[in-house]
Amino acid sequence: MKTIKKICCIGAGYVGGPTMSVIAFKCPDIQVTVVDINKERIKAWNNSDLEKLPIYEPGLKEIVAIARGRNLFFSTDIDRAIDQADMIFISVNTPTKTYGKGKGQAADLKYIELCARNIARVAKDDKIVIEKSTLPVRTAQAIKNILDNTGNHVNFEILSNPEFLAEGTAINDLLHADRVLIGGDATPSGEAAKQALSSIYQNWLPKERILLTNVWSSELSKLVANAFLAQRISSINSISALCEKTDANVAEVAKAIGLDSRIGPKFLNASVGFGGSCFQKDILNLVYIAKSYGLDEVANYWEQVITINDYQKQRFADTIVSTLYNTVAGKKIVFYGWAFKKDTNDTRESAAIYVADALLEEQAEIVVYDPKVSEEQIYADLDRLNTRSEQENRRLVTVSKDPLESVDNAHAIAVLTEWDEFKALNWEKIYSKMLKPSFVFDGRRVLDRNTLHKIGFKYYRIGES
Ligand code: UDX
Ligand code: UDX
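Colleague: Kindly report on the packing of aromatic side chains, identifying the contributing residues and their values.
Modeller: Going through the model one piece at a time under the given rule, you end up with 17 aromatic pairs. With centroids separated by 4.8 Å and ring planes inclined at 5°, the aromatic side chains of Trp45 and Phe74 adopt a geometry described as stacked. With Trp45 in helix H2 (residues 39-45) and Phe74 in strand S3 (residues 72-75), the pair connects residues that are 29 residues apart, well separated along the chain. Overall, Trp45 belongs to the buried group, its relative accessible area being 0%. Taking the centre distance of 6.2 Å and the plane angle of 40° together, the rings of Phe335 and Trp338 count as tilted. Each member of the pair, Phe335 as well as Trp338, is classed as buried. Through a chain of ring-to-ring contacts, the aromatic side chains of Tyr336, Tyr369, Phe422, Trp427, Tyr431 and Phe457 assemble into a single cluster.

Here's what the structure looks like:
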């Protein structure tokens, strides 16, 4: 088995950055170089001020502080890093296609293909190439074809090694992974490649947690894991609507069913809807694959998970409008939170974006406060929807740096992200600054109902009548 001395990772994003930092941290004898076409991003990864890393993850900066410059490097010299590496991770983004066949569902593989062609052009000796990006089943085969047909007749082993990182806990998920999945060919060189990657993870994880499978199982398992997780959220969210019509409380229902050890307690928090870069995209991918094999019933089944999620976001917006006497035109509504969940500055597919869009259609004035998300990001998220002009978005939406200041003369507050700091705010003071009656719509079920009632708020939370 070849000992791996140098690793290159293409893509310094949410996945590549933290994953490579942990590998470098745990394997001081391996040189890890993370490359990216985005110069600004690489510059940020190299910033001497660790507060300015491009990604915020608890525990990340401490690890970067130890490994960077020792055996962890960030660079824009992609060809050089490929040339020197024994093992190359591909961790570039695979957005949902916005054009052509599979538009709105299939993953856009153009970046993956570019990477494969780049590797083929540069590589002068044998390489292990690892798909880290979540990809449709059978992408490994496509990568292999490109490498074999355009390469310099060196041997490429393709492995699938999906990530299971959740944002905000990425470092912990890497250090204490439930399992690591490595898919590869059953040939002797394929087995050797799997062992080489496995031995890297064995530097900090017990061998039993490293599953070796064939490539297709590994690729599919990643999509299925996310689909199952998202399905649980849509399931409990569908029940939250029913709870609001009856006198049931969704938290009590979730607890009652979660105590059944076959169901388990996790991922049963009703919310305004799941977001993030993975769930929707991976389900759409699963749906697309099923359809492409003529499995329409399977496709329709999984598509419902997204239908319910969209319904939940719209339902939250509708509740705000109907509660505010059927009109929000010109009314100031303050959003607490914009990120798709707490402890991250990531806003991809965040429910907040869609709830804002629905309320802006009703001519509401929105003020957003989020402790980590930048003003530019918030406007970029809204502009991307193309629902209205950029000027209109800037006229109707303002971004505030202060949760207390933002509520002056507001009609309502909507909690869109479960940031811990929202629980500790001075709610009496907030109440005193708002118009009366003062409404709070809790899309994350994080505030204390009794406290808010006592202060005088009209308080609504998802999943309770
Ligand atoms: C992405 C996918 O979204 C996810 O499905 C997959 O599992 C891993 O890759 P993420 O790391 O979150 O996840 O993406 P992103 O933060 O956008 O980072 C990708 C990086 O790749 C960007 O910095 C981009 O500049 C870089 N890139 C993209 C390249 O270096 N070369 C390319 O050709 C394309
Ligand atoms: C997810 C998977 O957890 C991870 O394994 C995979 O690699 C990438 O996708 P992530 O998107 O970072 O990770 O976040 P996650 O914590 O799973 O939450 C996704 C969304 O679901 C968030 O918007 C979150 O608020 C929401 N959620 C989660 C709920 O609404 N209720 C829950 O009970 C759990």
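This is not the end of the story, as more comes after the structure.
Colleague: Lay out the sheet that holds strand S12 (residues 412-415) in plain terms, naming residues and giving numbers.
Modeller: Reading across from one edge, S11-S10-S9-S12-S13-S14 is the order of the 6 strands in this open sheet, with parallel pairing throughout. Strands at the two margins of the open sheet, each flanked by one partner only, are strand S11 (397-400) and strand S14 (458-461). Each adjacent strand pair in this sheet contributes to an overall mean axis angle of 20°, direction not counted. In the sheet, strand S13 (residues 439-442) pairs with S14 via 4 bridges, with the strands oriented parallel. The residue bridging Phe441 from the neighbouring strand is Tyr460, located in S14. Its contacts with the sheet place helix H13 (residues 351-361) against strand S9 (332-336), strand S10 (365-369) and S11, and it is angled at close to 175° to S9.

Colleague: Please give an account of the site of ligand 2 that cites residues and values.
Modeller: Taken together, 20 residues form the shell around ligand 2, and within it Glu167, Ser271, Phe340, Lys341 and Arg444 come nearest. With respect to ligand 2, the side chain of Glu163 contributes an N or O atom lying 3.2 Å from an oxygen atom. Here an oxygen atom of ligand 2 and a backbone polar atom of Leu165 are 2.9 Å apart. Surface burial for ligand 2 is 91%, taken as the share of its 660 Å² of free accessible area covered by protein chains. The dominant element in the shell around ligand 2, judged by the number of residues it contributes, is helix H9 (residues 215-245), at 4 residues. Grouping the constituent residues of the shell around ligand 2 by class yields 11 nonpolar, 4 polar and 5 charged.

How each quantity is defined
Residues numbered from 1 in each chain as written. Chains lettered and ligands numbered in written order. Predicted model: local features only at pLDDT ≥ 70, side-chain atom pairs only at ≥ 80, totals over all residues. Heavy atoms only, no water. Phe/Tyr/Trp six-rings, centres within 6.5 Å; stacked < 30°, edge-to-face > 60°. Helix = DSSP H or I, 4+ residues; strand = E, 2+ residues; numbered from the N terminus. Buried < 20%, exposed > 50% of the residue type's maximum accessible area, 1.4 Å probe, protein only. Pairing = 2+ DSSP bridges. Axes fitted to C-alpha atoms, helices over the stretch in contact; angles between N-to-C directions. Contact = heavy atoms within 4.5 Å. Near = heavy atom within 4 Å. Polar contact = N/O pair within 3.5 Å; in protein donor to acceptor, adjacent residues only side chain to side chain. Areas by Shrake-Rupley, 256 points an atom, 1.4 Å probe, with all protein chains shown as cover. Nonpolar A, V, L, I, M, F, W, Y, C, P; charged D, E, K, R; others polar.

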